[in-house]
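# Close look at the chain arrangement
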Amino acid sequence: MKKIVLFPVLLLLIADLTHAQSAYEDVDGAAYDLVNRLSTLSGELPQAIHTTVQPLDKKSVAGFMEQAAQYNTRRGWTQTDNANIGLALSNAGEWAAPDGFGAIDSRRPAGPFYQKITDLAYYNNRDFFISANPVLGFQGIYENADEATDFKYNIAAGAKVRAKYKDYVGLDLNIRYIREQPVSYYEALNNSRNTLVGGPRNYNYNSEEQSYSYLLPTGNISVSLLRDYISLNLGYDYLKLGDGYRGLVLSDFAAPVAYANIRTKVWKLQYDNIFMKLNPDTNIPGNALTNVQPNYKFATAHQLSVNLTKWLNVGAYEMVVFSRENGFEMGYLNPIIFYRAIERGLGSPDKVTIGINAKAIAAKGLRFYGQFLLNEFTAKEFFAGNGYIHNKWGAQLGLNYYDAFNISNLDLQLEGNVIRPYTFQHIDRGEGYVAANFTNNNLPLGHPLAAGFREAIFIATYRPAKNITLEAKAMFYQHGVDTGGLNLGNDPSKDYSKNYPADHGIKMVNGPKLTRLLGSLHASYQIAPNLFFALGGVYGNFNYAALPANNSSHYHIYSGIRLNLAHRDYTKI
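Remember, predicted model here, so these are calculated numbers, not experimental data.

## Side note on the side chain of Asn279
- Relative to the helices and strands, Asn279 is located in the loop between β11 (269-277) and β12 (298-307).
- Under the relative-accessibility criterion, Asn279 is labelled buried at 17%.
- Ignoring any residue separated from it by four or fewer positions in sequence, one finds Asn279 in contact with Arg201, Ala255, Lys297, Thr439, Asn440 and Asn441.

Right under this line is the structure:
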C-alpha cells in the first residue's frame, strides 16, 4: 500500500505541469445556472447531464441546449432564455449536431475575425476544430473599511483556446495574467492564512500596494474511452461537488487542483472517479504544525448519481484526503464507492467523508436540493444530545424558485448550511504537520468557513431584458472563533487531538461567535457576446461577541468591463 502508483500520479503530474484540461464549462460560468433554470421550468431533470459534479462537459451542455431550443418551438421560452440558449450553444457549438457546427454566425464579421458571435478566430472542418479568444478585464473599486477609504483595481489579460478532434478529444485552455488589489477583508484572510483566495500557490505580493500578481492557467483535455459511455478528463481547474451555491466538501473557493476524472454514463446513472493533487498546508501564522510541508497530498472522490424519476435525482459520494511520502496510494484506484469507509475501522491514517445529495423538481419552476455529509458518528452520543466532539457532520438545504410569482426571468434562491466543529480536521501522526485534513493551499477544500458555523443565503436574480442582469444577495452566518490557544474545531488546519476543551458540550457554533451580515447589489449589461459592463456595491460587517474591539464594517462600490472573464466576486465570505 506504500508503493507509487504510476498511472494516477502520471495523470496528475501531467495535468499539473501542462495546466491542460478537457472541453469543460467554467465552474463559475452561466451554463450551470441556465441548465438548472430551463430543466426546472420544463418540469424534468436533464437526462444527459448530472449537475452535481462540476465543471459540466461541453458535449452534454451542447446537447441539452439543442433540446431546449427544440422545446422552445413547441412551448416557448422568454426572449431572454432564447438569447442565453444561443450564447451557451455558441460557446460549446463544436459539440453540437450536425458535425459540430452549432455556433451562431455573426451578422457583422470583421473580415476573417468573429465569423461566429463568440469566437475571435474560428476554424472547423468537421474532423478538427479550434477557436481562440482574448481574455480582458478591468475593475475599479472604491472601498470604505472602518471609515478608511481606498481606491483599488483588478486587471486581467490572457487568452482562451478551445479545440476538438472528431468526437474523441476535446481541449479547453484559459491562461490569464492577473494583478489584483482585493478588498480589505479578503486581504485580511490572505494574510491570516498566508495564501491567496481563489489564486494559485505561487504569486508575487507587493506589500506597499497590497497587490497580488500571478499567472492563472486553467483548462482541461478530455478523451472518449468508450463513446457516449466512458470518458477521461485531465485538468488543472476548480472543482465543485453539490447542487447549491456552496459546496460543502469541494468548491471553487481555494486554489485550482490538478485532477483526473474517469466519468461513466450508463442509462440513468453517472459515476465519477476523481483523483486530485492538492497543495499541503504550510507556514500558516500561529500554527506550528504546518511549518513542515509533506511531499505529497492527494484526494480521491467517488460520486454516484441516478435519476430515479423525471423529477428526482439522488446521489452518494465518498471523499478521502491522504498523504504518502512516495506518492499516490495504490488502494485508492479501487473504483468501488464506500470501500474506504469500511476500511477506516481497521485503522486507516486518512480522512474519509461520505455523504448523500438529492434534488427534486416539486413543480414547474420549483426545485429543492440538499446534501448531507458524515465524517464520524456515534448514534448513542448523538441521540443523547450532549454535543459529543466526534459527531462530525454537515448539511445543506436549499430551493430555487424560477419565474417567481409568475414574473418572467425573476429567479430566487434560498440556502441554509451547517457543519459541526472538527469535521474537516485530522491529526498529526508524528511528522509535525496535519496532512490529511480537508484543505488546499491553506484554505478549506469545501465551504469557505470550513466547520463550526450556521449560515443562510438569499439570492434574487432578475433579467428584465436579454442583455441586462440584476442580482441582489444577502448572507448571514455565525462562526466560532478559536481563542486562548484552544482548538475549538473551527480551523481545519489544526490537530483535533490537541488543545480541545472537552469531549462533550461541543455546540454547532463553538466558542465566541463571529456574526457576519452582508448585502450586495450587482448589475451587468452584455454589450456583445461574452463582453460585459458591470456595476455594483457591497455592504457588510463583522461582529465578535467576545472581542468587540475587533468589530468592523465596510462597503465598496465597483465598476468594470470584462471579456470572456468571470466576475471577481468578493461576497463569498
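What follows continues from the structure just given.
## Describing the nonpolar core
- Tyr185, Tyr186, Val249, Leu250, Met276 and Met319 are the most contacted members of the largest nonpolar core, which has 44 residues in total.
- In this structure Tyr186 touches Val197, Phe253, Arg568, Asp569, Tyr570, Thr571, Lys572 and Ile573, once residues within four positions along its chain are discounted.
- Counting 22 residues, the second largest nonpolar core, distinct from the first, contains Ala68, Tyr71, Trp77 and Tyr402.

## Some words on the packing of aromatic side chains
- Using the criterion set out here, one finds 17 aromatic pairs in the structure.
- Between Tyr123 and Phe128, the ring centres sit 6.5 Å apart and the planes meet at 45°, which makes this aromatic pair tilted.
- For Tyr123, a relative accessible area of 43% gives the class partly exposed.
- The class of Phe128 is partly exposed, set by a relative accessible area of 35%.
- Ring geometry for Tyr296 versus Phe298: centroids 5.7 Å apart, planes at 15°, classification stacked.

## Structural notes on helix α2 (residues 31-42)
- Compared with an ideal rise of 1.5 Å per residue, which puts 12 residues at 16 Å, α2 spans 16 Å between its outermost C-alpha atoms and is within 8% of the ideal.
- Across the 12 residues of α2, 11 count as buried, placing the element largely inside the fold.
- Within α2, burial applies to Ala31, Tyr32, Leu34, Val35, Asn36, Arg37, Leu38, Ser39, Thr40, Leu41 and Ser42.
- In the segment just after α2, Gly43 is the residue with positive phi, at about 85°.

## Observations concerning a nonpolar patch on the surface
- On the surface, Phe138, Ile155, Tyr525, Ile527, Phe533, Leu535, Tyr539, Tyr555, Ile557 and Ile561 cluster together into a nonpolar patch covering about 910 Å² of accessible area.
- Of all the secondary structure elements, the ones that give two or more residues to the nonpolar patch are β22 (513-528), β23 (531-544) and β24 (552-563).
- Position of Phe138 relative to the elements: it lies in strand β3 (residues 128-145).
- Residue classification places Phe138 among the partly exposed residues on the basis of a relative accessible area of 43%.

## Focus on the pattern of salt bridges
- One pass over the full model with this rule turns up 28 salt bridges.
- Between Asp81 and Arg37 there is a salt bridge whose closest N-O contact spans 2.8 Å. Of this pair, Asp81 sits in helix α4 (residues 79-91) while Arg37 sits in helix α2, placing them 44 residues apart in sequence. In this structure, Asp81 and Arg37 share a single accessibility class: buried.
- A salt bridge links Arg246 to Glu455; the shortest N-O distance between them is 2.7 Å.

## A look at unusual backbone geometry
- Backbone torsion omega between Gln54 and Pro55 reads 15°, so that peptide bond is classified as cis.
- Structurally, Pro55 is set in the loop between β1 (53-54) and α3 (58-74).
- Unlike most non-glycine residues, Tyr114 shows phi in positive territory, near 50°.
- Here Tyr114 is to be found in the loop between α4 and β2 (121-124).

## A closer look at the packing of α2 against α4
- Running from N to C, α2 and α4 point in directions that differ by 135°, and their axes come no closer than 11 Å. The angle between the axes of α2 and α4 places the two elements in the oblique class. Helix-helix and strand crossings are classified by hand; for α2 and α4 the assignment is left-handed. Together, Leu34, Arg37 and Leu38 of α2 and Asp81, Asn84, Ile85 and Ala88 of α4 make up the contact between the two elements.
- For the contact of α2 with α4, the residue count by class is four nonpolar, one polar and two charged.

## Considering the pairing of strand β21 (residues 468-480)
- One ladder, built from 11 bridges, connects strand β20 (residues 453-465) with β21; its direction is antiparallel. When the bridges of β21 are listed, Glu455 appears paired with Tyr477.
- Inspection of the sheet shows β21 paired to β22 by 13 bridges, in the antiparallel sense. Residue pairing across strands places Lys473 opposite Ser520, the latter belonging to β22.

## Thoughts on the environment of Gln413
- For Gln413, the location among the structural elements is in strand β17 (residues 410-419).
- By relative accessible area, which is 16% here, Gln413 ends up buried.
- Sequence separation between Gln413 and Phe458 is 45 residues, and the spatial gap between their C-alpha atoms is 5.7 Å.
- Among residues more than four places away in sequence, those in contact with Gln413 are Gly244, Tyr245, Tyr369, Leu399, Asn400, Ile457, Phe458 and Ile459.
- Here the side chain of Gln413 touches Tyr369 through a polar contact of 2.9 Å, side chain to side chain.

## A short note on the environment of Gly93
- In this structure, Gly93 sits in the loop between α4 and β2.
- Taking the C-alpha atoms as reference points, Gly93 and Val509, separated by 416 residues in sequence, lie 47 Å from one another.

## Examining the side chain of Lys297
- For Lys297, the location among the structural elements is in the loop between β11 and β12.
- Discounting residues that sit within four places of it in the chain, Lys297 has contacts with Met276, Lys277, Leu278, Asn279, Pro280, Val321, Phe322, Ser323, Ala435, Asn437 and Thr439.

## Quick look at the confidence of the model for the protein chain
- In this model, the protein chain carries an average pLDDT of 90, and 93% of its residues clear a pLDDT of 70 or more.
- Note on residues 1-10: pLDDT under 50 across the span, and 18 contacts to partners over four residues away in sequence or across chains.
- Scored below 50 in pLDDT, residues 17-22 makes 37 contacts in the model with residues more than four places away or belonging to other chains.

Reading the values: rules and limits
Residues numbered from 1 in each chain as written. Predicted model: local features only at pLDDT ≥ 70, side-chain atom pairs only at ≥ 80, totals over all residues. Heavy atoms only, no water. Helix = DSSP H or I, 4+ residues; strand = E, 2+ residues; numbered from the N terminus. Buried < 20%, exposed > 50% of the residue type's maximum accessible area, 1.4 Å probe, protein only. Contact = heavy atoms within 4.5 Å. Core = buried A, V, L, I, M, F, W, Y, C linked by side-chain atoms within 4.5 Å. Phe/Tyr/Trp six-rings, centres within 6.5 Å; stacked < 30°, edge-to-face > 60°. Expected span 1.5 Å × (residues − 1). Patch = residues over 30% accessible without salt bridge, like charges linked within 9 Å, V, L, I, M, F, W, Y side chains within 5 Å. Areas by Shrake-Rupley, 256 points an atom, 1.4 Å probe, with all protein chains shown as cover. Salt bridge = Lys/Arg side-chain N within 4 Å of Asp/Glu carboxyl O. Axes fitted to C-alpha atoms, helices over the stretch in contact; angles between N-to-C directions. Parallel < 35°, antiparallel > 145°, perpendicular 65-115°, else oblique. Left-handed = near helix turned anticlockwise from the far one by under 90°. Nonpolar A, V, L, I, M, F, W, Y, C, P; charged D, E, K, R; others polar. Pairing = 2+ DSSP bridges. Polar contact = N/O pair within 3.5 Å; in protein donor to acceptor, adjacent residues only side chain to side chain. pLDDT = per-residue confidence, 0-100.

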